[in-house]
Amino acid sequence: MTHAEFIYPSYALTIAGLLGAVAWSFVAMRRAEAAVAKERRR
Amino acid sequence: MHRFANPARFLRIARVLTPLLTLIGLGLAAAGLWIGLFASPPDYQQGDSVRIMYVHVPAAWLASGGYLGMAIASAVALVWRHPLAAIAARAIAPVGALFTAICLVSGSLWGKPTWGTYWVWDARLTSMLVLLFLYLGYLALASAEDERHGGDPAQGKGAAILALVGVVNLPIIKFSVEWWNTLHQGPSITLTKSTIDPAMLLPLMLSLAGFTLVFGGVVLMRMRAALARTRTAARGRRLAEAYA
């Protein structure tokens, strides 16, 4: 593949950004919703 | 619209939609990127560097589309003072900023082998950079306002006004390649026609659909997190008042 030194970094950055956004938002959501559930049990 | 803006109803719908959008989106994006990287043909002029299009174009679409969504949510928050709209605008902003950054970096990585340079002060590139600054400005202002108003996003107006003022940049981005003599090429896909070969259109459409669904799923996750934090803060305030 020609220009692989430009193609692979752009894919790596995009996939890392996409998965990072999903993981970061998922953890924040679960943490916040767990705090609500904990408050409710109190 | 007001029917779905009820937080309890929104949460019921969001709990179903969040995993659906995210998982289907990730599947479509993975298929699109795989075909784009390994199974689609190289371009007769650009060669293999055309493969960057399969990440660059969806990122550019979500950067602009996300900003439009953020501005509409801000307008709803300003006019009807609906807290869910303010939460939606704040949930869109960091994800939109991320895709704008991905669009700019992947565009630069495409520009080097194609144009011979990572960056030119071309109208399309410059207006996309302005979009990133608008997102960052919105995030900073929204964060400062939320801190000032005890974490209630419906109280602050400055960030919403900034989002609305920034909408003027969207037609500049869209039409920059037609209004000015730019290095960036014109649109390859319009509502009525496409100049892209079907073998390249398939991975582009798959990644476009996948990225859009993931964007939706991430925004819903961030809205659910913000709503949960608002509930915890409100409960804490009520308890503090009761024991005072």
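Please refer to the structure placed before this passage.
These figures come from a predicted structure and were not determined experimentally.

A.B. asks: Tell me what's going on with unusual backbone geometry, and back it up with residues and numbers.
C.D. replies: Even without a glycine there, the phi angle at H3 of chain A is positive, about 60°. Within the secondary structure, H3 of chain A is located in the segment before α1 (4-41). By relative accessible area, which is 27% here, H3 of chain A ends up partly exposed. Here the phi dihedral of R81 of chain B falls at roughly 55°; this positive angle occurs in a residue that is not glycine. Position of R81 of chain B relative to the elements: it lies in the loop between α2 (53-80) and α3 (83-115).

A.B. asks: Help me get a handle on the packing of aromatic side chains, residues and values and all.
C.D. replies: All names here are of chain B. In this structure the tally under the stated criterion is nine aromatic pairs over all chains. The interplanar angle of 55° and the centroid separation of 6.1 Å between the aromatic rings of F99 and F211 together place this pair among those described as tilted. Note that F99 is positioned in helix α3 and F211 in helix α7 (residues 198-243), a separation of 112 residues in sequence. A relative accessible area of 0% places F211 in the buried class.

A.B. asks: Can you explain the interface of chain A and chain B? Please cite residues and give values.
C.D. replies: Listed as interface residues are 29 residues of chain A and, on the opposing side, 37 residues of chain B. Of the roughly 2,900 Å² buried at the junction of chain A and chain B (both faces included), carbon and sulfur atoms supply 76%. Looking only at chain A, the three residues that lose the most surface to chain B are F6, Y11 and L18 of chain A, adding up to 23% of its buried area. On the surface where chain A and chain B come into contact, there are one salt bridge. The residue R224 of chain B makes a salt bridge to E33 of chain A at a minimum N-O spacing of 2.9 Å. Put simply, chain A and chain B have three residue pairs in polar contact (both at pLDDT 80 or more) between them. Taken together, the residues of the side of chain A that touches chain B break down into 19 nonpolar, six polar and four charged.

A.B. asks: A description of the pattern of salt bridges should follow, citing residues and the corresponding values.
C.D. replies: Residues and elements named next belong to chain B. Considering all chains together, one arrives at four salt bridges over all chains under this definition. Here R90 makes a salt bridge to E145, at a shortest N to O gap of 3.8 Å. Taken together, the positions of R90 in helix α3 and E145 in helix α4 (residues 123-148) put the pair 55 residues apart, joining distant regions of the chain. For R90, a relative accessible area of 14% translates into the label buried. Close ionic contact of D146 with R90 constitutes a salt bridge, the shortest N to O distance being 3.0 Å. Within this pair, whereas D146 is found in helix α4, its partner R90 is found in helix α3, the two being separated by 56 residues in sequence. Like R90, D146 is buried.

What counts, and where the lines are drawn
- Residues numbered from 1 in each chain as written.
- Chains lettered and ligands numbered in written order.
- Predicted model: local features only at pLDDT ≥ 70, side-chain atom pairs only at ≥ 80, totals over all residues.
- Heavy atoms only, no water.
- Helix = DSSP H or I, 4+ residues; strand = E, 2+ residues; numbered from the N terminus.
- Buried < 20%, exposed > 50% of the residue type's maximum accessible area, 1.4 Å probe, protein only.
- Phe/Tyr/Trp six-rings, centres within 6.5 Å; stacked < 30°, edge-to-face > 60°.
- Contact = heavy atoms within 4.5 Å.
- Buried area = accessible area lost by both parts, 1.4 Å probe.
- Salt bridge = Lys/Arg side-chain N within 4 Å of Asp/Glu carboxyl O.
- Polar contact = N/O pair within 3.5 Å; in protein donor to acceptor, adjacent residues only side chain to side chain.
- Nonpolar A, V, L, I, M, F, W, Y, C, P; charged D, E, K, R; others polar.

So far we have only geometry, and geometry alone does not tell us how the molecule works.
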